[in-house]
Every structure is written in C-alpha cells, then in structure tokens.
Amino acid sequence: MGEKMNAAIERLHDIKKANLMGGGEKHIQRQHGRDKLTARERIDCLLDPGTFSEFGSCVNTTGARIDGRKTDAPCDGAVVGTGRVEGRLVVVYASDFTVLGGSLGAQHVVKFVKMMEMAADCGVPMVWLLDSSGGRLGYQDVPSAGIDWWFALQSRYSGLTPQINVLMGPCIAGQAYCPTLCDFLLMSRKTAHLWLGGPRMTQAATSEKIGDDVGGADYHMAYSGTCDIVGDTDEKTILKTRDLLGYLPSNCREKPPLKESADDIGRDISKIIDIVPDEYDRTYDMHDVIKLLVDDGEIFEIKDEYAKNLITCFCRFNGETVGLVASNPAEAGSIYEINACDKYYRFLQVLDAYNIPLVNLTDTAAAVPGESQEEKGLLRHMGKILDVYATAKIPKISIILREAYADAGSLIMGGVKSMGTDLCYAWPIARFAVQASTLDYCSAYGKGIDTDAHTGYLDRSREKIDVFDAAKSWTAQVVDEVIEPGQTRRKIIEALAMVRTKKVSMPPRAKMHSTAPS
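Given the structure is predicted, the values throughout are model-derived calculations rather than measurements.

Draft legend 1. The arrangement of the overall build of the chain in detail. Per the secondary structure count, the chain includes 19 helices and 18 strands. In the chain, which comprises 518 residues, the share counted as buried stands at 50%. Long-range pairs, those at least 24 residues apart, make up 75% of the contacts in the chain between residues at least 6 apart in sequence.

Listed below in structure tokens is the structure:
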C-alpha cells in the first residue's frame, strides 16, 4: 500500500472518529442530561447489532454563516444509512441534536431525501429518529433548507413503503408537518414536543400563553390524535418501533410477515361468554375479548388513549398479521363520534396501503347525534370511512357480538355485506336496528332527550331484529353464519385463509384516487 493510500485511509478514519463525537463531548453530556440519547445511540437501539451501514459520513457543512464565520458540522447533523430489524432491511435517518441543534441545512436535507428515494426505489421501510430545532437560521445557503422537497417526496411516496417517525425532541413550525405525513408517529413522553408554534412563538405572535404540556406526547395522544404510540423514554419508544415494524410488510407489493405461532387454532375460549354480558345495556372492556381471541394474547394498539370508544390495533391470528378495529362498550357505550371516525379512517387507509386484512368486532350503537357533533361535520367524517371501507381491496371480516345499529354498526363495521365485507359472522344474541338500544345517547354526553322526540321517533326506530330473523331473510346481505361465541377464534382464522387470495376489480379511473369527504 502506497503512502497516498495510507494517508487517505487515515484521513477517513479521522473523519469517522470525529463523527462519533458529533458536536463534541460538551453537547453529548447536555443531551444525556436531558434524558435523551444521541443520534448514534438511537440507531444502535433500533437496529440489529452490527448491521448499520452509513452513507454520507464525510459530509460537512459547506455554507458559511451570514456573519462570515465557518462552522464544523460532522455529517451536517444527519446520520443516515441502512440496517436490519429482526433481519429485515430498513433505511434509517437520525438528526443529531449535538450538531447545530440537529437543524436543517442544505446538505442535511439532501442526505435525507436521497435515503428516502433509496427506500422507495428498493421497497424497504424508512424510519427517522427526529430531534431537531428546525431550519438552520443565519446561513447563506438555506433559505428554506429544501424542506419543500422533503414534503413533496413524503407525500408522493406515501403508501409505497412504510414511513415511521420517532420523535424524541422538539419539532416546530414548518418541520412539524413531517411527522403528520408519515404512516406512524411515535413520541417519547420525556423528550418529544410537536408544535406549529411553541409557547414562545405563540406568545410573540398572539400574546397567548400556552402550557408547556401543549405539544407533548400525551397531549398529541389524548387530544389532537396526531400521535400513534407513546413511549416513556427514548429507548422504550425505539423498542416499540421495532415491534411495530414486525407487523408491517416492507412495501405495498408484499404481504405482512408471517410469524410462526404455537397458539392452537382451536384453543378453548369458552370464558368469552363470561366477559360479554347478554344484557345489552351492560358494558364490558373489549380489550379482554381481543386478548382472548388473538395469538398469545398479544396486541399492538394504535392511538390507545385517543377516542377510546374505538380500539385499533395490530395482532395475529395463526401467525397472520391483521388490523383489528373494535367497538369498546366500556367507553361511552362505544358510541361513534368525530374523533373515533378519524381514528378508524386513518387506520383503514394504512391497512389498505400495506395489504393488511381488517377484522371488525362489532358491538355498537349508532353515531352520536347532536348540535356539537353536527356542526363539526360528523357526516363528513362518517363519509370518509364509508369511502375508504368500500374501496379498500383488503380482506374484510366482521364479527357481530351483540348489537349492530344503523350507520356505525352496520355500514362501517362490516354489518352490511354490500359495503364490501367478505365474511360476516354473528353471535346468537346479535341484533340489528335502525337506531340504538335503550342507551340514551344524550345522557351519556350530559344532556337529556326530549320526551316527544322519544315517543314520536325513537320507539319506532329502535325496533330490534334479532340475528335469527336476519338469517332467514337477509343472509346474503348481512350474516353469513350464526356462530357460537366459543367458535369465534377458529372462524376468524378460517375466514382469513379463505379470503387471503381474493381479487378485487375496481372501476377503471384516469387517476388513482377517489374524492373522499374532507
């Protein structure tokens, strides 16, 4: 080996060694003092040991500050590359907060964009570990830092390969749109904040003072519904990301990965009848039913603290991944409202994009009426689910446990076959109606019902048709078979096997999408 080669290799080693320190020991200690991992520690936590292959390690900022000073920025604050999670290839991007606050410079954004293009071209998921102060102010070459390019690619590649954003620091202003464009947003309870305008910016612009909790993980989980999964720490949030990837295919052309299961298909689940009361006005927690039905009782819930009257989760039946959407009578009588509609709509979009079968467990009243919901556009939000349910090409299986009423129970939870439900089973106590049971919607939400309205309308619309009457005359439209509760797990697995290879042809379109209600 010649001297030039030796010198070049030594220079490369020096760059890589410097990169390991990011912005320097002082900034690393500050990061740890905030209970935050560094970018490279986060990558090590996400990927299988020894699988990270870095790209762009020699990149450094070339833009001078407006004041003329030069700045050293290893990797321009963006650590990118490929690696493996449970042996499967992923693309990873991590912003390095120790380098100029993880801010977005031109080289930083180009590195991200190139990796996103690679993920889309090669058909592998992209995970970004975000901890950034936003646009890099005070530099000559970054008026917008190319964030518009970033947004455009996120949108164009949406639904091609999974995009997963793990937020473990601040994300503010224009960059705050990035997590919302992903398939999933995970946030660290200790370190993540997501704002269009943070407390200081909001006060400066409007004089309004907002609390420090606004924009945190629990806020975006419980109130805005922007967050999908919350972890207590950086490490726990990243480990949940690994779990999530296990339920997703690498791209839209593949099926979700199968996991070998030792859970017997015909396992005894007879105690399910002790969980679900046969008195229709008594509530129960649907989580208990789900955990009894699925493989090994394991579920991965999405938006678990948002619109709790509806459960959305990933789980497996005989090793096959499904997306399960279930009414939860334990929360507000499982009544549908706007937040539940949005939660269902978004989840079903993702299922259809990545070929994940849908299983509905239905026990619900109709959507909640009232001025508050009507003025916020309840009809539009229900319409979005109707649109995506009818056009989704994935297998759709429904189990009606007790009640399937009106639009909520029948149209969007798989109780009407012509909406596109492939197979619908019902328990012997199931019943159908135009309106709800004796549950008083308005009382559940703090208001009374007008007596005249009750006698003039509700009595008639609440006439029930039990499942045996439905099976006599509506079999082709509603119920494929009446089953015993103890058969539910086996019937779901049989149904998944039957519809796994189904083909759906949609009317030809000049463009690729419908115009769902906004």
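The structure having been displayed, the exposition proceeds.
Draft legend 2. Local environment of the nonpolar core. Judged by nonpolar contacts, the single largest core of 53 residues is most densely connected at Ile164, Phe184, Leu244, Phe314, Tyr336 and Tyr344. For this core, the element with the highest residue contribution is helix α12 (residues 338–353), accounting for 9 residues. If we ignore the near neighbours within four places in the chain, the residues touching Tyr344 are Leu310, Val325, Tyr336, Leu358, Asn360, Ile385, Tyr389, Ile412 and Met413. Ile147, Ala192, Met221 and Val230 belong to the second-largest nonpolar core, a separate cluster that totals 33 residues.

Draft legend 3. Quick peek at the sheet that holds strand β7 (residues 184–188). The 7 strands lie next to each other as β1-β2-β3-β4-β5-β7-β9, forming an open sheet whose pairing is mixed. With one partner strand each, in any of the chains shown, β1 (53–55) and β9 (229–231) form the two edges of the open sheet. Direction aside, the axes of adjacent strands within the sheet are offset by 20° on average. Sheet analysis places β7 next to β9, joined by 3 bridges and oriented parallel. Within β9, the residue paired with Ser188 across the bridge is Gly231. Strand contacts of helix α3 (residues 39–46): β1, β2 (78–85), β3 (88–95) and β4 (126–130), with the helix running at about 160° to β3, the strand carrying the most contacts.

Draft legend 4. Structural detail: the packing of aromatic side chains. Under the defined criterion, the tally for this structure stands at 10 aromatic pairs. Ring plane angle 20° and centroid distance 3.8 Å describe the contact between Phe112 and Trp150, whose orientation is recorded as stacked. With Phe112 in helix α4 (residues 106–122) and Trp150 in helix α5 (residues 147–156), this residue pair connects regions lying 38 residues apart in the sequence. Among the residues examined, Phe112 registers a relative accessible area of 0% and is labelled buried. In this structure Trp150 comes out as buried when scored by relative accessible area, which is 0%. Centre to centre, the rings of Tyr247 and Phe314 are 5.8 Å apart; their planes meet at 20°, and the pair counts as stacked. Highlighted residues: Tyr247 in the loop between α9 (234–245) and α10 (272–275) and Phe314 in strand β11 (residues 310–317), separated in sequence by 67 residues. Considered together, Tyr247 and Phe314 belong to a single accessibility category, that of buried residues. Through a chain of ring-to-ring contacts, the aromatic side chains of Phe184, Tyr247, Phe300, Phe314 and Phe347 assemble into a single cluster. Across from the ring centre of Tyr247, 4.1 Å away, lies the NZ or CZ of Arg316, which sits over that ring.

Draft legend 5. Structural view of the packing of α4 against α5. Viewed as axis vectors pointing N to C, α4 and α5 meet at an angle of 15°, and their least axial separation amounts to 10 Å. When the interaxial angle is binned, α4 and α5 end up roughly parallel. The element α4 and its partner α5 pack so that their crossing is left-handed. Together, Val109, Val110, Phe112, Val113, Met116 and Glu117 of α4 and Trp149, Trp150, Leu153 and Gln154 of α5 make up the contact between the two elements. Across the contact of α4 with α5, the residue classes break down as 8 nonpolar, 1 polar and 1 charged.

Draft legend 6. Up close: the packing of α3 against α9. α9 packs onto α3 with a crossing angle of 40° between their chain directions and a minimal axis gap of 9 Å. One way to sum up the angle between α3 and α9 is to call them oblique. The handedness of the crossing between α3 and α9 is right-handed. Facing α3, whose interface residues are Arg42, Cys45 and Leu46, α9 presents Asp234, Glu235, Ile238, Leu239, Thr241 and Arg242. Here the residues of the contact of α3 with α9 are counted per class, giving 4 nonpolar, 1 polar and 4 charged.

Draft legend 7. Focus on α3. Burial of α3 is extensive: 6 of the 8 residues sit out of reach of the surface. Within α3, burial applies to Ala39, Arg40, Arg42, Ile43, Cys45 and Leu46.

Draft legend 8. Examining unusual backbone geometry more closely. Notably, Glu86 is not glycine yet its phi reads approximately 55°, a positive angle. With respect to the secondary-structure elements, Glu86 resides in the loop between β2 and β3. A residue is classified by how much of its surface remains accessible, and Glu86, at 61% relative accessible area, is exposed. Unusually for a residue other than glycine, Asp296 sits at a positive phi of about 55°. With respect to the secondary-structure elements, Asp296 resides in the loop between α11 (286–293) and β10 (299–302).

Draft legend 9. Highlighting the pairing of strand β13 (residues 358–364). With 7 of its 7 residues buried, β13 lies for the most part within the structure. Residues of β13 alternate between two faces, with Leu358, Asn360, Thr362 and Thr364 on one and Val359, Leu361 and Asp363 on the opposite face, all of them buried. Alignment of strand β12 (residues 320–327) against β13, held across 4 bridges, turns out to be parallel. Looking at the pairing, Leu324 lines up with Val359 of β13. For β13 and strand β14 (residues 396–405), the ladder comprises 6 bridges, and the chain directions are parallel. Bridge pairing links Asn360 to Ser398 in β14.

Draft legend 10. Seen up close, the side chain of Gln154. Among the structural elements, Gln154 can be located in helix α5. Using a relative accessible area of 0% as the deciding quantity, one classes Gln154 as buried. With residues near it in sequence (within four places) discarded, Gln154 still touches Met116, Trp128, Gln163, Cys178, Leu181 and Cys182.

Rules used in this analysis
- Residues numbered from 1 in each chain as written.
- Predicted model: local features only at pLDDT ≥ 70, side-chain atom pairs only at ≥ 80, totals over all residues.
- Heavy atoms only, no water.
- Helix = DSSP H or I, 4+ residues; strand = E, 2+ residues; numbered from the N terminus.
- Buried < 20%, exposed > 50% of the residue type's maximum accessible area, 1.4 Å probe, protein only.
- Contact = heavy atoms within 4.5 Å.
- Core = buried A, V, L, I, M, F, W, Y, C linked by side-chain atoms within 4.5 Å.
- Pairing = 2+ DSSP bridges.
- Axes fitted to C-alpha atoms, helices over the stretch in contact; angles between N-to-C directions.
- Phe/Tyr/Trp six-rings, centres within 6.5 Å; stacked < 30°, edge-to-face > 60°.
- Lys NZ or Arg CZ within 6 Å of the ring centre and 35° of its normal.
- Parallel < 35°, antiparallel > 145°, perpendicular 65-115°, else oblique.
- Left-handed = near helix turned anticlockwise from the far one by under 90°.
- Nonpolar A, V, L, I, M, F, W, Y, C, P; charged D, E, K, R; others polar.

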